[in-house]
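The residues making up each chain are set out below.
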Amino acid sequence: MSEINPQIHESWKTLLINEFNSAYFVRLKQFLHEEKSKYVIYPPGKYIFAAFDRTPFDEVKVVILGQDPYHGDRQAHGLSFSVQKGIKPPPSLVNIFKEIKDDLGIPIPNHGNLEKWANQGVLLLNATLTVRANQAGSHQQKGWEQFTDAVIKKISKEKEGVVFLLWGRYAQNKESLIDEEKHILLKAAHPSPLARGGFFGCKHFSKTNEYLKQMNKTAIDWSL
């Protein structure tokens, strides 16, 4: 894990230097070393911080909070909800695409790679950045949440007018980290099929663009 820092945009390295140098992060790196020696870990090391590399701090306009990386073969690549081209989009992502189609009339894409969103200032942030293959939640409570909570707090403190999309109870539990007087919080059920369609009709994608335009920021092109 000693090579992880070069995978992060310089803006984040500077902002999070105290986190990277903290005792809990040292313990987290040791845990990941041990895990990697025994198990397959997702995403591959070069993708763990992909969200921070794709979306520099200064460019963050929207934050979409996820929980864990996908734990299936070749799915996770460091962006919440996203999968590489050639990998079948998981059910939650399919439901996101259905809502975008209903909300904005954008056709459902033939792939699930969300890098285009990340490149426009959408930080696709999972609360936990790694997972053991085929074991959902296996890297929770090991230090990642402390790190990503610090990220959310930094965005809240240092920026203004960021749109936070909080889908499901887990993401909504993070709202206490965000200054609602400075930022926009949009809440809905999780897009997972387990939420029984509660996500549909939230219109978060058009609402996000409306807020961005009100703040004289460029709207997100949600098409892929």
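See the structure above.
This write-up is about the structure you can find in this document. (Residues numbered from 1 in each chain as written. Predicted model: local features only at pLDDT ≥ 70, side-chain atom pairs only at ≥ 80, totals over all residues. Heavy atoms only, no water.)

Some remarks on the overall build of the chain
This is how it is decided: Secondary structure elements are taken from DSSP: a helix is a run of H or I of four residues or more, a strand is a run of E of two residues or more, and numbering for both begins at the N terminus. Radius of gyration: C-alpha atoms only; globule rule: 2.2 Å multiplied by the number of residues to the exponent 0.38. Using a 1.4 Å probe on the protein chains alone, a residue whose accessible area is under 20% of its type maximum counts as buried, one over 50% counts as exposed, and one in between counts as partly exposed. Residue contacts follow a heavy-atom distance rule, with two residues in contact if any of their heavy atoms lie within 4.5 Å. Under the convention used here, a 1.4 Å probe and the Shrake-Rupley method define accessible areas, while residue burial counts only the protein chains that appear. We count Lys and Arg on the positive side and Asp and Glu on the negative side, and we leave His and both chain ends out. Think of each charge as sitting on NZ of Lys, CZ of Arg, CG of Asp or CD of Glu.
Along its length, the chain carries nine helices and six strands. Taken against the 2.2 N^0.38 rule, which gives 17 Å for 224 residues, the C-alpha radius of gyration of the chain at 17 Å falls within 12% of a compact globule. A principal-axis box enclosing the C-alpha atoms of the chain has dimensions of 45 × 35 × 25 Å. Split into buried and exposed, the 224 residues of the chain put 54% on the buried side. In the chain, the proportion of contacts linking residues at least 24 apart, taken out of those at least 6 apart, comes to 68%. Of the roughly 10,700 Å² of accessible surface on the chain, 46% is carried by carbon and sulfur atoms. Placing the 29 positive and 24 negative side-chain charges of the chain at their respective mean positions leaves the two points 4 Å apart.

So, the packing of helix 3 (residues 23-38) against helix 7 (residues 144-158)
Condition: The axes are straight lines fitted to the C-alpha atoms, using for helices just the contacting stretch, and the angles between their N-to-C directions are given from 0 to 180°. Roughly parallel refers to an angle under 35 degrees, roughly antiparallel to one over 145, roughly perpendicular to one between 65 and 115, and oblique to any angle outside these ranges. Take the far helix as your reference; a near helix turned counterclockwise from it by less than a right angle gives a left-handed crossing, and one turned clockwise gives a right-handed crossing. Each residue receives one of three labels: charged for Asp, Glu, Lys and Arg, nonpolar for Ala, Val, Leu, Ile, Met, Phe, Trp, Tyr, Cys and Pro, and polar for the others, Gly being one of them.
It is the contact of helix 3 with helix 7, at a shortest axis distance of 9 Å, that shows an interaxial angle of 130°. It follows that helix 3 is oblique to helix 7 by the angle criterion. Remark: the crossing between helix 3 and helix 7 carries left-handed chirality. Here Tyr24, Phe25, Leu28 and Leu32 of helix 3 come into contact with helix 7, specifically with Trp144, Gln146 and Phe147. When its residues are assigned to classes, the contact of helix 3 with helix 7 shows six nonpolar, one polar and no charged.

Structural notes on the packing of aromatic side chains
To keep things clear, this is the line we draw: The aromatic pairing rule takes the rings of Phe, Tyr and Trp, using the six-membered ring of Trp, and pairs them if the centres are within 6.5 Å, calling planes under 30 degrees apart stacked, those over 60 edge-to-face and the rest tilted.
Overall, the coordinates contain 20 aromatic pairs when judged by the stated rule. With 5.0 Å between their ring centres and 90° between their planes, Trp12 and Phe52 make a pair best called edge-to-face. On the criterion of sequence distance, the pair formed by Trp12 in helix 1 (residues 10-15) and Phe52 in helix 4 (residues 50-54) is long-range, its members being 40 residues apart. Take Phe52: its relative accessible area is 1%, and that puts it in the buried class. Residues Phe52 and Phe147 carry aromatic rings whose centres are separated by 5.9 Å and whose planes lie at 65° to one another, so their mutual orientation is edge-to-face. Of this pair, Phe52 sits in helix 4 while Phe147 sits in helix 7, placing them 95 residues apart in sequence. With respect to burial, Phe52 and Phe147 carry one shared label: buried.

Some remarks on the nonpolar core
Worth spelling out the cut-off: Nonpolar cores were defined as sets of buried Ala, Val, Leu, Ile, Met, Phe, Trp, Tyr and Cys residues, with membership established by side-chain atoms within 4.5 Å.
Formed by 66 residues in total, the largest nonpolar core has its most connected members in Trp12, Phe49, Phe52, Ile64, Trp117, Phe147 and Ile155. For Trp12, the contacting residues outside a window of four places in its chain are Phe20, Phe52, Thr55, Pro56, Phe57, Val60, Leu123, Val151 and Ile155.

Regarding the side chain of Asp149
Operational definition: Any pair of N or O atoms that falls within 3.5 Å is considered a polar contact. Within protein, one atom must be able to donate a hydrogen and the other to accept it, and sequence-neighbouring residues count only if both atoms are side-chain atoms.
With respect to the helices and strands, Asp149 occurs in helix 7. Looking at Asp149, its side chain comes within polar contact range of the side chain of Lys174, at 2.7 Å. Each residue touching Asp149, except ones within four places of it in the same chain, is listed here: Lys174 and Leu177.

Examining helix 5 (residues 91-104)
Test applied: One less than the number of residues in a helix, times 1.5 Å, gives the span that helix is expected to have.
The first and last C-alpha atoms of helix 5 sit 20 Å apart over 14 residues, in line with the 20 Å expected at 1.5 Å per residue. Within the sequence span of helix 5, burial applies to Ser92, Leu93, Asn95, Ile96, Phe97, Glu99, Ile100 and Asp103. Each element contacted by the buried residues of helix 5 is listed here: helix 6 (115-118), strand 5 (163-167) and helix 9 (204-214). One or two positions beyond helix 5, positive phi appears at Gly105, with a value near 75°.

A look at the layout of surface pockets
To keep things clear, this is the line we draw: Cavity means a closed set of points on a 1 Å grid over the protein atoms alone, one where a 1.4 Å probe fits but cannot get out, pocket means an open set with protein on both sides within 12 Å along at least 5 of 7 lines, and lining means a residue has an atom within 4 Å of a point. Grid points are joined across faces, edges and corners, and a volume is the space filled by probe spheres set on the points.
Taken as a whole, the largest pocket spans an internal volume of roughly 480 Å³. Around the largest pocket sit 27 residues that line it, and Gln67, Asp68, Tyr70, Ser92 and His190 are the ones nearest its centre. Elements with a contribution of two residues or more to the lining of the largest pocket: strand 2 (62-66), helix 5 and helix 8 (168-172). For the lining of the largest pocket, the leading source of residues is helix 8, giving four residues. In terms of residue class, the lining of the largest pocket is made up of 13 nonpolar, 12 polar and two charged.

No statement about biological role is implied by the geometric values presented.
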